[in-house]
Amino acid sequence: MSNPLGRFEFRTWGNHLGAFRDRLTAQAPPSEQRESAETYVLSRATDAANVKIRAELMDIKLLTEQVGRLERWRPMLKSAFPLDSRTIVEQLFPHLGVPAPHIAQPSYTQGELIRDLLRPHRDLALVEVVKLRCQFTSDRYTAEFAEVRIAGGATSETVELESDDPAAVLRAIAKLGLNSHANINYVRHLKLMIGMTPRADATAT
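Quick summary incoming for the structure in this document. Throughout, a residue's number is its position along its own chain's written sequence, starting from 1. The predicted origin of the model limits local features to residues at a pLDDT of at least 70 and limits the giving and counting of side-chain atom pairs to 80 or more, whereas totals for whole chains, interfaces and linings rest on all residues. The side-chain quantities take in all heavy atoms of the structure and omit both hydrogens and water.

### Describing the packing of aromatic side chains
Aromatic rings considered in pairs are described by the distance between their centres and by the relative angle of their planes. Test applied: Stacked, tilted and edge-to-face are the three classes assigned to paired rings of Phe, Tyr and Trp, where Trp is represented by its six-membered ring and a pair needs centres within 6.5 Å; plane angles under 30 degrees give stacked, over 60 edge-to-face, the rest tilted. Counting from the N terminus, the helices are DSSP H or I runs at least four residues long and the strands are E runs at least two residues long. Think of it in three bands: residues with accessible area under 20% of the maximum for their type are buried, residues over 50% are exposed, and the middle band is partly exposed, with areas taken using a 1.4 Å probe on protein chains only.
Within the structure shown, the criterion is met by two aromatic pairs. Ring geometry for Trp 13 versus Tyr 186: centroids 5.0 Å apart, planes at 85°, classification edge-to-face. Note that Trp 13 is positioned in strand β1 (residues 7–14) and Tyr 186 in helix α5 (residues 186–194), a separation of 173 residues in sequence. Judged on exposure class, the residue Trp 13 and its partner Tyr 186 are both buried. Considering the side-chain rings of Tyr 40 and Tyr 186, the 5.3 Å spacing of their centres and the 20° angle between planes classify their relative orientation as stacked.

### Re the nonpolar core
Cut-off, in case you're wondering: Only buried residues count toward a nonpolar core, which is a set of Ala, Val, Leu, Ile, Met, Phe, Trp, Tyr and Cys residues joined through side-chain atoms within 4.5 Å.
Residues Val 51, Met 58, Ile 88, Leu 92, Phe 93, Leu 113 and Leu 118 are the most contacted members of the largest nonpolar core, which totals 22 residues. Elements that contribute at least two residues to this core include exactly β3 (46–54), β4 (57–67), α2 (85–96), α3 (110–118) and β8 (124–137). Formed by 19 residues, the second largest nonpolar core is a distinct cluster that contains Leu 24, Cys 134, Ala 143 and Leu 176.

### What to know about the environment of Leu 161
Selection criterion: What makes two residues a contact is simply this: any of their non-hydrogen atoms within 4.5 Å.
Summarising the element assignment, Leu 161 is placed in strand β10 (residues 155–163). Overall, the relative accessible area of 0% leaves Leu 161 in the buried class. With sequence-adjacent residues up to four places away left out, Leu 161 is seen in contact with Phe 8, Glu 9, Phe 10, Leu 24, Tyr 141, Thr 142, Ala 143, Val 169, Ala 172, Ile 173, Leu 176 and Leu 178.

### Structural notes on the pairing of strand β9 (residues 142–150)
Applicable threshold: For two strands to pair, DSSP has to find at least two bridges joining them.
As paired strands, β8 and β9 are joined by nine bridges and run antiparallel to one another. Within β9, the residue paired with Val 130 across the bridge is Arg 149. As consecutive antiparallel partners, β8 and β9 are separated by four residues. As paired elements, β9 and β10 share eight bridges and run antiparallel to each other.

### Considerations on the sheet that holds strand β2 (residues 34–43)
As a reminder, the rule being used: To obtain each axis, a line is fitted to C-alpha atoms, and for helices this fit is confined to the stretch in contact; angles are then taken between N-to-C directions over 0 to 180 degrees.
The sheet built from eight strands closes into a barrel, its strands ordered β1-β5-β4-β3-β2-β8-β9-β10 with antiparallel pairing. Direction aside, the axes of adjacent strands within the sheet are offset by 35° on average. The strands that α3 touches are β2, β3, β4 and β8; relative to β8, the one it contacts most, it runs at about 135°. Set on the sheet, helix α4 (residues 166–176) makes contact with β1, β5 (70–80) and β10; between it and β10 the angle comes to about 135°.

### Focus: the packing of α2 against α3
Note the cut-off: Under this scheme an angle from 65 to 115 degrees is roughly perpendicular, one under 35 degrees roughly parallel, and one over 145 degrees roughly antiparallel; angles in between are oblique. Classification convention: Asp, Glu, Lys, Arg as charged; Ala, Val, Leu, Ile, Met, Phe, Trp, Tyr, Cys, Pro as nonpolar; all other residues, Gly among them, as polar.
Following both chains from N to C, one finds α2 and α3 inclined at 70°, their axes separated by 14 Å at the closest point. Overall, the two elements α2 and α3 adopt an arrangement that is roughly perpendicular. Residue-level inspection shows Ile 88, Leu 92 and Phe 93 of α2 in contact with α3, the latter providing Leu 113, Leu 117 and Leu 118. Broken down by class, the residue content of the contact of α2 with α3 amounts to six nonpolar, no polar and no charged.

Laid out in structure tokens, this is it:
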């Protein structure tokens, strides 16, 4: 997970993916299930920025490359709160593809950032998500099975595969029987769940 260029990812969604979880379990022992509460920041301007707040950290990954059906996501920021105004102006809002609002203080706590800068922005949407997930680790790739529930809304299941080596991900897709499934990242799927239209140009920033 430490590759600064990011890893190649494949993610699919559905409501009955338990069979794929069982196939993963047969290949690698699962980790203990973990529950997390996260806040995703979705932008009408881009589907190429995965921006979320988890465990009191601002976490940003960018979609930098598409290789066939795989997407390469590069970690750009993981920073604790309070978040300084320079990071907000020079990284957060540019990655979201929207202009920064007026910045009135030198730093923002998590609550202040959400209340004063993110929630009022007409081109942004905040989605509260609860995940129950387990991870699987093989020699060439890592995988995840998760149940994802949005606040006041629907629940989905998701299976994700990732690796530095795109060929390893493609082999895992075939071995698990996922060749007929589309690769839909978190940003685009959450937009569909809340009724925000994903962009046609997924790599636009």
